[in-house]
Amino acid sequence: MGKLFLIELEGKIYSCKHCGTHFALAEDIISKNFHCRHGKAYLYNKVVNVTSGVREDRMMTTGMHTVCDIFCVGCGSVVGWKYIAAHEKQQKYKEGKFILERFKVYGPDGSQYWATHDSQVGGSDPDDA
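Residues numbered from 1 in each chain as written. Predicted model: local features only at pLDDT ≥ 70, side-chain atom pairs only at ≥ 80, totals over all residues. Heavy atoms only, no water.

Looking at an unreviewed UniProt entry, one finds the protein named Protein yippee-like, with Rhynchospora tenuis as its source organism. Under the heading Sequence similarities (unreviewed entry), UniProt records this for the protein: "Belongs to the yippee family." (UniProt positions renumbered as here; feature names shortened; annotations may be inferred.)

Encoded structure:
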């Protein structure tokens, strides 16, 4: 196996809770109003140090989307997903964007989001959609 090259970010960083690999900057957050199985999730314009899984269609709160899970390159944990295509016109803004599940990442101040018992089970999408 070759040497793993990671991109090191500077500033307010969101990172893997398992291995500390950097994922994104706070300034790249588009929205904090998304939810996933474990609670809160943030929509990002740009994410680094992840690999993409298999594309699949998923029914979410705001309709059908083609997505792929994203994995930390440091430890292999699933940390969120990437929107490949939105099947509804008003959801097209998500295409090419990334979701990081807050339960799976540390915040810029080292904080961790804890899942709640009333977390949304069915999917991912903004509160206000």
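Draft legend 1. Just unusual backbone geometry, in detail. A positive phi angle, close to 60°, is found at N49, a residue other than glycine. Its place among the elements puts N49 in the loop between β4 (39-44) and β5 (50-60). (Helix = DSSP H or I, 4+ residues; strand = E, 2+ residues; numbered from the N terminus.)

Draft legend 2. Geometry of the pairing of β5. Bridge analysis of β5 against strand β6 (residues 63-72) gives nine bridges, and the strand direction is antiparallel. Paired with E56 across the bridge in β6 is V67. The hairpin turn running from β5 into β6, its antiparallel successor, is two residues long. (Pairing = 2+ DSSP bridges.)

Draft legend 3. Examining the sheet that holds strand β1 (residues 13-16) more closely. Taken in spatial order, the three strands make up an open sheet running β2-β1-β9, and their pairing is antiparallel. A strand with exactly one partner marks an edge of an open sheet, and here the two such strands are β2 (22-25) and β9 (105-106). When β1 meets β2, the two strands line up antiparallel, connected through three bridges. Bridge assignment links Y14 to a residue of β2, and that residue is A24.

Draft legend 4. View of the confidence of the model for the protein. Considering every residue of the protein, the mean pLDDT works out to 87; 85% of them sit at 70 or more. Across residues 117-129 the pLDDT falls below 50, and counting only partners more than four positions away or on other chains, this stretch makes 35 contacts in the model. (pLDDT = per-residue confidence, 0-100. Contact = heavy atoms within 4.5 Å.)

Draft legend 5. Structural view of the pairing of strand β7 (residues 78-86). In the sheet, β6 pairs with β7 via seven bridges, with the strands oriented antiparallel. In the strand pairing of β7, T66 is matched with A85. In sequence, β6 turns back onto β7 through a hairpin of five residues, with G76 there showing a positive phi of about 85°.

Draft legend 6. Region of the structure containing the pattern of salt bridges. Tallying each qualifying case throughout the model produces four salt bridges. The partner of R58 in a salt bridge is E56, with the nearest N and O atoms 3.4 Å apart. Judged by relative accessible area, which is 16%, R58 ranks as buried. Residue K92 is joined to E95 by a salt bridge in which the shortest nitrogen-to-oxygen separation is 3.3 Å. You can call K92 partly exposed: its relative accessible area is 41%. Linked through salt bridges whose partners overlap, the residues forming this network are E56, R58 and D69. (Salt bridge = Lys/Arg side-chain N within 4 Å of Asp/Glu carboxyl O. Buried < 20%, exposed > 50% of the residue type's maximum accessible area, 1.4 Å probe, protein only.)

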